[in-house]
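Here's the letter readout for the chains.
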Amino acid sequence: MQLLRRGDCGPAVREIRVTLGQLGLLPDPAPGAPANLFDDDVDRAVRMFQQGRGLITDGIVGPDTARALREAGWSLGDRMLSFTLSTPTTGDDVATLQERLLELGYNPGRPSGLFDQQTEQALIRFQRDYGMTPDGVCGPETLRALRQLGRKVTGGRPHLLREQELLRRAGPRMRGKRIVIDPGHGGHDRGVDVGGVTEADLMWDLARRLVGRMSATGMEALLSRPENGNPPDTERAQFANDVGADLVVSLHTDASFSPHAQGLATYYFGNGSGTTSNVGEALAGLIQRELLTRTSMLDCRSQTCTWELVRRTRMPAVRVETGYLTHLGDRRKLLDPGFRDVVAEGILVAVKRLYLLGQDDQPTGTFTFNDVLAREYGRDQIRAV
């Protein structure tokens, strides 16, 4: 789609203005002012919307922001909701339905705003329990029942409690767990490209180093794409869901018009209204701390986001921005194979720390690859190797 920004005009901008006005973010244009102009007021409103939705706050309406604006226009009750395999329904009304089902003790998964098969099954169970036709369609009768019933689950957000319990039950060992490593871009999409150095190539190399280390611990480590392929994020997320991954780690580099922008950031699912992946948040924080200690990069913090990969995965997913290729210092580090080894080890250690749940741990930056192997196999076996 065409990117829309300050100074643009036309019917698409008019639609954006209408949506932002309905959301209470943009006042009506002054008498005589054009209603199809992307002016300073629209720019501010778009940035406010992006910030609240966990999107990059750049004032530009690209695919992610356009998708979020469309979804924000739906409230529960505006339309019938059901599962369709080819084009799943998305919107704020779906997220509200998922939140309501969770409150009533049914598990549609993370309230992502995507009506998937898990949401359909949760809705069917609710309908069956309350004497309705279990057709998986959220229509008027189902809506009335949802609104009349009080919540059953109290004392915390149910989806957060479920994620925590699944992590606790998984145990401290990495062996037998499945992780999807997602090297950003690929194929004809090279991502950030500075002087022939591309994000796709660097992240492919980093992903292979990480897969090797993960496999050595006994984890099943899978790549989300082939070396010369670039599936869309929706397909990468579906791949992780189909293989039943326990975790997803997506690898990227960043870029900026400013040559001074630099640093490391991690992202996890959070939609700005209190719905987050708490295990994703924990993993993102662990990766951020490990890599900062090991690389001395600038701290750009862990942050929430609603990008398609982390939103559509059923398991905790994080995205690691390993530095700015447009910054000379970061680029020099990323070009160093030894630095990429350090990053791979830091991510591996962070995953191990996640499963340790703070038990029998070591100070940040001091846990090594050999330490992880010793925890998995025993020190005598490691010495023998």
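Refer to the structure presented above.
Residues numbered from 1 in each chain as written. Predicted model: local features only at pLDDT ≥ 70, side-chain atom pairs only at ≥ 80, totals over all residues. Heavy atoms only, no water.

Visitor: I'd like a rundown of the sheet that holds strand β6 (residues 264-269), residues and numbers included.
Guide: Pairing between the strands of a sheet is mediated by backbone hydrogen bonds and can be parallel or antiparallel. As summarised here, the arrangement of the six strands in space is β4-β1-β5-β8-β6-β7, forming an open sheet in which the pairing is mixed. Strands at the two margins of the open sheet, each flanked by one partner only, are β4 (220-223) and β7 (299-305). The sheet shows a mean angle of 20 degrees between the axes of neighbouring strands, taken without regard to direction. Inspection of the sheet shows β6 paired to β7 by five bridges, in the parallel sense. Bridging from a neighbouring strand, Phe-269 pairs with Cys-305 of β7. Sitting on the sheet, helix α9 (residues 233-242) touches β1 (178-183), β4 and β5 (247-254), and the angle it makes with β1 is about 165 degrees. Sheet contacts for helix α13 (residues 337-356): β1, β5 and β8 (317-324); angle to β5, the most-contacted strand, approximately 145 degrees. (Pairing = 2+ DSSP bridges. Helix = DSSP H or I, 4+ residues; strand = E, 2+ residues; numbered from the N terminus. Axes fitted to C-alpha atoms, helices over the stretch in contact; angles between N-to-C directions. Contact = heavy atoms within 4.5 Å.)

Visitor: Run through the state of the cysteines, naming residues and quoting values.
Guide: Inspection of every chain in the model, using the stated rule, returns zero disulfides. Just so you know, Cys-300 is unpaired, no disulfide at all, and the nearest cysteine sulfur is the one on Cys-305, 15 Å from it. (Disulfide = S-S within 2.5 Å.)

Visitor: Before we move on, could you go through the pairing of β6 and cite the residues and values that matter?
Guide: Counting buried residues in β6 gives six out of six residues, a clear majority hidden from the surface. Alignment of β6 against β8, held across four bridges, turns out to be antiparallel. Bridging across to β8, Thr-266 finds its partner in Val-320. (Buried < 20%, exposed > 50% of the residue type's maximum accessible area, 1.4 Å probe, protein only.)

Visitor: Please set out helix α5 (residues 117-129) residue by residue, giving values where relevant.
Guide: Spanning 13 residues, α5 covers 18 Å between terminal C-alpha atoms, matching the ideal 18 Å at 1.5 Å per step. Against α4 (92-103) and α6 (140-148) lie the buried residues of α5. (Expected span 1.5 Å × (residues − 1).)

Visitor: Pulling in residues and values, what's your account of the environment of Pro-140?
Guide: As for its position among the elements, Pro-140 is in helix α6. With relative accessibility at 51%, the residue Pro-140 sits in the exposed group. Measuring from C-alpha to C-alpha, the distance between Pro-140 and Thr-304 comes to 34 Å, with 164 residues separating the pair along the chain.

Visitor: Any chance you could break down the pairing of β8 for me, citing the residues and the numbers?
Guide: For β8, the tally of buried residues reaches eight of eight residues, placing the bulk of the element in the interior. Both β5 and β8 contribute to a ladder of six bridges, which runs parallel. Bridging across to β8, Val-248 finds its partner in Ala-317.

Visitor: With reference to specific residues and values, describe the nonpolar core.
Guide: General note: in soluble globular proteins, nonpolar side chains tend to be found buried as a group. Counting 47 residues, the largest nonpolar core has Ile-179, Met-214, Leu-251, Ile-347 and Val-351 as the members making the most contacts within it. Of all the elements in the fold, those that place two or more residues in this core are β1, α8 (199-216), β5, β6, α10 (278-295), β8, α13 and α14 (369-377). Here this core gets 11 residues from one element, more than from any other, and that element is α13. For Ile-179, the residues in contact, after removing those within four places along its chain, are Met-214, Met-219, Glu-220, Ala-221, Leu-222, Leu-247, Val-249 and Val-351. Grouped together as the second largest cluster of nonpolar side chains are 30 residues, Leu-20, Ala-72, Val-180 and Met-315 included. (Core = buried A, V, L, I, M, F, W, Y, C linked by side-chain atoms within 4.5 Å.)

Visitor: Can you tell me about the pattern of salt bridges, naming the residues and giving the values?
Guide: In the structure shown here, the tally under the stated rule is 30 salt bridges. Across the pair Arg-6 and Asp-43 runs a salt bridge, and its minimum N-O distance is 3.0 Å. Taken together, the positions of Arg-6 in the segment before α1 (11-22) and Asp-43 in helix α2 (residues 40-53) put the pair 37 residues apart, joining distant regions of the chain. You can call Arg-6 partly exposed: its relative accessible area is 48%. Note on Asp-43: relative accessible area 6%, which makes it buried. (Salt bridge = Lys/Arg side-chain N within 4 Å of Asp/Glu carboxyl O.)

Visitor: Tell me about unusual backbone geometry, and please be specific about residues and values.
Guide: The residue Ser-296 is not glycine, and still its phi comes out positive at about 60 degrees. For Ser-296, a relative accessible area of 61% puts it in the exposed group.

Visitor: Just give me the short version of the packing of α4 against α5, but keep the residues and values in it.
Guide: At a minimum axis separation of 11 Å, α4 and α5 run at an interaxial angle of 50 degrees. In terms of axis orientation, α4 runs oblique to α5. The element α4 and its partner α5 pack so that their crossing is left-handed. Two secondary-structure elements touch here, α4 through Leu-97, Gln-98 and Leu-101 and α5 through Thr-119, Ala-122, Leu-123 and Phe-126. Residues belonging to the contact of α4 with α5 are distributed by class as follows: five nonpolar, two polar and no charged. (Parallel < 35°, antiparallel > 145°, perpendicular 65-115°, else oblique. Left-handed = near helix turned anticlockwise from the far one by under 90°. Nonpolar A, V, L, I, M, F, W, Y, C, P; charged D, E, K, R; others polar.)

Visitor: Now, about the environment of Asp-336: what can you tell me, with residues and values included?
Guide: You can see Asp-336 is positioned in the loop between α12 (328-334) and α13. The exposure class of Asp-336 is partly exposed, given its relative accessible area of 39%. Separated by 190 residues in sequence, Asp-336 and Leu-146 have C-alpha atoms that sit 56 Å apart.

Visitor: Let's hear about α8: which residues, and what values?
Guide: The end-to-end C-alpha distance of α8 is 26 Å, a good match for the 26 Å that 18 residues give at a rise of 1.5 Å each. Taken as a whole, α8 has its buried residues at Glu-199, Ala-200, Leu-202, Met-203, Trp-204, Leu-206, Ala-207, Arg-209, Leu-210, Val-211, Arg-213 and Met-214. The first or second residue beyond α8 is Gly-218, which carries a positive phi of 100 degrees.

Visitor: Describe the packing of aromatic side chains, naming the residues involved and giving the relevant values.
Guide: For the coordinates displayed, the defined rule picks out three aromatic pairs. Between Tyr-106 and Phe-126, the aromatic rings sit 5.8 Å apart at their centres with planes inclined by 85 degrees, giving edge-to-face as the arrangement. Highlighted residues: Tyr-106 in the loop between α4 and α5 and Phe-126 in helix α5, separated in sequence by 20 residues. On the basis of relative accessibility, which here comes to 0%, the residue Phe-126 falls in the buried class. Counting every residue linked through ring pairs, the aromatic cluster contains Tyr-106, Phe-126 and Tyr-130. The cationic tip of Arg-79 hangs over the ring face of Trp-74; the distance from NZ or CZ to the ring centre is 3.9 Å. (Phe/Tyr/Trp six-rings, centres within 6.5 Å; stacked < 30°, edge-to-face > 60°. Lys NZ or Arg CZ within 6 Å of the ring centre and 35° of its normal.)

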